[in-house]
Amino acid sequence: MITPILLCGGSGTRLWPLSRKSYPKQFVPLVGDTTLFQASSQRLSGEGYSAPLVLTNSDFRFIVTEQLASIGIDPGAILIEPTGRNTAPAVLAAALWLNKSDPEALMLVAPSDHVVPDAEAFRQAVEAGVPAAQNGQMVTFGITPSHAETGYGYLELDTAELPDQPTPLGLKRFVEKPDAETAEKMFASGQYLWNAGIFLFSVKTILAAFQAHAPDLIAPVQTAVDAGQPDLGFLRLDPAAWDQAADISIDYAVMERAENLSVVPFGAGWSDLGGWDAVWRESGPDARGVVTSDNATAIDCDNSLLRSEDAGLEVVGIGLKDIITVAMPDAVLVADANRAQDVKKAVAALKEKSAKQATAFPKDHRPWGWFESLVVGDRFQVKRILVHPGAALSLQSHHHRSEHWIVVEGTAKVTIDDQVQLVTENQSVYIPLGAVHRMENPGKVPMVLIEVQTGSYLGEDDIIRYEDVYART
């Protein structure tokens, strides 16, 4: 059996405004109806695969479980990284966790934000690498280049002859992201593959590799795993020990130093969606090179992407050429398609001016559901709140605001001090300032309500929690 190791703690900025720190691209349906994380989980499931082991951070842990549950996948374990320390400590933590039960287990390490249209072809490539991994090789998967790309690292092969069927080949060396001239030469040689950052090896093989090439990582990560605290089905790695581990990638720490390496070429389609230009390519442009979403219209446009993420906001482009337009309820991106990699500069500029759009998503996702602000005034705020079936907000109170709740879908079970009542559609309830209160959804369908807050301070940190089923502090 192969244990998928899904890495989903990143917070990329190159797909802003749809991908932000609070809700990054792996959790968004960028291409197709499922999110990248869900598609990755489905691709690495089925016969021959055990339940996935997921590494993420505390902010995303309930998003992970919610998205897996919605596609019928039960994770084997979810390890919570206290801070981002890059891929080497994450992979080592997964290996040490699996070593407790099965040192011979095969680990398939994969980012959770890639697009692989042909899932079956990818599984065949993985299967081709299994014998080598069982024999002590560390197998990486290289993507057959479609063009000279400067945004990826490369893998240099021992040969320029690629087999018709997926087969492990000798790997000569890892190559850093090249400049344009070098990339053209490498592409023309036929001896280089893109480095996808996907690896297959046994637990004992990767632990031996860490012992040989990055021994300083072992003690802090081992302590972080051993001293980890169970929390509602998650394992929180010990923060103090974790912070002692170096911030380093698996490539730098181990792969570039190891000799027992093989690579399986994969040419059936792949993208890491590293920018809006990649989303445009993967979305299937029409004859004029145009991609539009349901709420976008292109008139006499060429080689452009027009996308609206709000059903109430129509985007219309006229006479555009090589333009990317992405509209969100709170931010709009308009960029030259040839400058797609510079979107991260926009995020940096917004951070400089302290704009919340730089990092905060319009919908604030919580363990129980989500909320979004509809109107914000000087001393009032109107929110739409969705609570999942069976979910409950914490028992809480506020120092500075009162609240008025109007249920518009479903039924809410509301606690206000010592009083508990059911509030159904078109009914409302008032929560005075300082009252201890809780909202629950006792039904089988999502419950939606409108919340009107009034008071001198409306920040999310004005919450005193008395009880919380999600163990938040």
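Residues numbered from 1 in each chain as written. Predicted model: local features only at pLDDT ≥ 70, side-chain atom pairs only at ≥ 80, totals over all residues. Heavy atoms only, no water.

Another point: the pattern of salt bridges. For the structure on display, the rule yields 19 salt bridges. Here aspartate 330 and arginine 20 are joined by a salt bridge, their closest N and O atoms 2.8 Å apart. Note that aspartate 330 is positioned in the loop between strand E16 (323-327) and strand E17 (332-336) and arginine 20 in the loop between strand E1 (2-7) and helix H1 (36-43), a separation of 310 residues in sequence. What makes arginine 20 buried here is its relative accessible area of 1%. (Salt bridge = Lys/Arg side-chain N within 4 Å of Asp/Glu carboxyl O. Helix = DSSP H or I, 4+ residues; strand = E, 2+ residues; numbered from the N terminus. Buried < 20%, exposed > 50% of the residue type's maximum accessible area, 1.4 Å probe, protein only.)

Its domain assignment divides the protein chain into domain 1 (2-266), domain 2 (278-353) and domain 3 (363-467). Here the C-alpha centroids of domain 2 and domain 3 sit 35 Å apart. (Domains from an automatic or database assignment.)

With numbering aligned to this structure, UniProt lists the feature "domain: MannoseP isomerase/GMP-like beta-helix" (unreviewed entry) at residues 295-350. With 14% helix and 41% strand, residues 295-350 has end C-alpha atoms that lie 26 Å from one another. (UniProt positions renumbered as here; feature names shortened; annotations may be inferred.)

On to the packing of H1 against helix H2 (residues 61-70), then. The axes of two packed helices give the description: the angle between them and the distance between them. The contact between H1 and H2 brings their axes to 10 Å, and the two run at 55 degrees. By the angle between their directions, the pair H1 and H2 is classed as oblique. Here H1 and H2 pass one another in a crossing that is right-handed. On H2, the residues touching Phe37, Gln38 and Ser41 of H1 are Val64, Gln67, Leu68 and Ser70. Broken down by class, the residue content of the contact of H1 with H2 amounts to three nonpolar, four polar and no charged. (Axes fitted to C-alpha atoms, helices over the stretch in contact; angles between N-to-C directions. Parallel < 35°, antiparallel > 145°, perpendicular 65-115°, else oblique. Left-handed = near helix turned anticlockwise from the far one by under 90°. Contact = heavy atoms within 4.5 Å. Nonpolar A, V, L, I, M, F, W, Y, C, P; charged D, E, K, R; others polar.)

Once that is clear, we can look at a nonpolar patch on the surface. Residues Ile299, Val316 and Ile318 make up a contiguous nonpolar surface patch of about 290 Å² in total accessible area. Along the polypeptide, isoleucine 299 turns up in strand E13 (residues 296-299). Among the residues examined, isoleucine 299 registers a relative accessible area of 41% and is labelled partly exposed. (Patch = residues over 30% accessible without salt bridge, like charges linked within 9 Å, V, L, I, M, F, W, Y side chains within 5 Å. Areas by Shrake-Rupley, 256 points an atom, 1.4 Å probe, with all protein chains shown as cover.)

This part covers unusual backbone geometry. A cis amide bond links tryptophan 16 to the next residue, proline 17, at an omega of 10 degrees. In this structure, proline 17 sits in the loop between E1 and H1. Non-glycine residue asparagine 86 carries a positive phi angle of around 75 degrees. Mapped onto the elements, asparagine 86 comes out in the loop between strand E3 (77-81) and helix H3 (87-99).

Our focus in this paragraph is the packing of aromatic side chains. Here the structure, examined in full by the defined rule, presents eleven aromatic pairs. On the numbers, 5.4 Å between centres and 90 degrees between planes, the contact of phenylalanine 62 with phenylalanine 234 is edge-to-face. On the criterion of sequence distance, the pair formed by phenylalanine 62 in helix H2 and phenylalanine 234 in strand E10 (residues 234-236) is long-range, its members being 172 residues apart. Relative accessible area serves as the criterion here: at 14%, phenylalanine 62 is assigned to the buried category. Look at tyrosine 152 and tryptophan 270: their rings are 5.2 Å apart centre to centre, the planes differ by 65 degrees, and that puts the pair in the edge-to-face class. Of this pair, tyrosine 152 sits in the loop between strand E5 (138-143) and strand E6 (154-157) while tryptophan 270 is found in the loop between strand E11 (261-266) and helix H10 (276-282), placing the two residues 118 residues apart along the sequence. On the accessibility criterion, tyrosine 152 (11% relative accessible area) is buried. On the basis of relative accessible area, tryptophan 270 is assigned to the buried category, the value being 8%. Just above the ring of tryptophan 370 sits the side chain of lysine 363; from NZ or CZ to the centre is 4.0 Å. The lysine or arginine in question, lysine 383, covers the ring of phenylalanine 371, its NZ or CZ lying 4.0 Å from the ring centre. (Phe/Tyr/Trp six-rings, centres within 6.5 Å; stacked < 30°, edge-to-face > 60°. Lys NZ or Arg CZ within 6 Å of the ring centre and 35° of its normal.)

Its volume calculated, the second largest pocket comes out at about 410 Å³. Around the second largest pocket sit 24 residues that line it, and Asp277, Arg281, Ala337, Ala340 and Gln341 are the ones nearest its centre. Elements represented by at least two residues in the lining of the second largest pocket include exactly H10, strand E14 (304-308) and E16. If one sorts the elements of the lining of the second largest pocket by residue count, H10 sits on top with four residues. Taken together, the residues of the lining of the second largest pocket sort by class into eight nonpolar, eight polar and eight charged. (1 Å grid on protein atoms, 1.4 Å probe; cavity = no way out; pocket = protein on both sides within 12 Å on 5 of 7 lines; lining within 4 Å. Points joined across faces, edges and corners; volume = space filled by probe spheres on them.)

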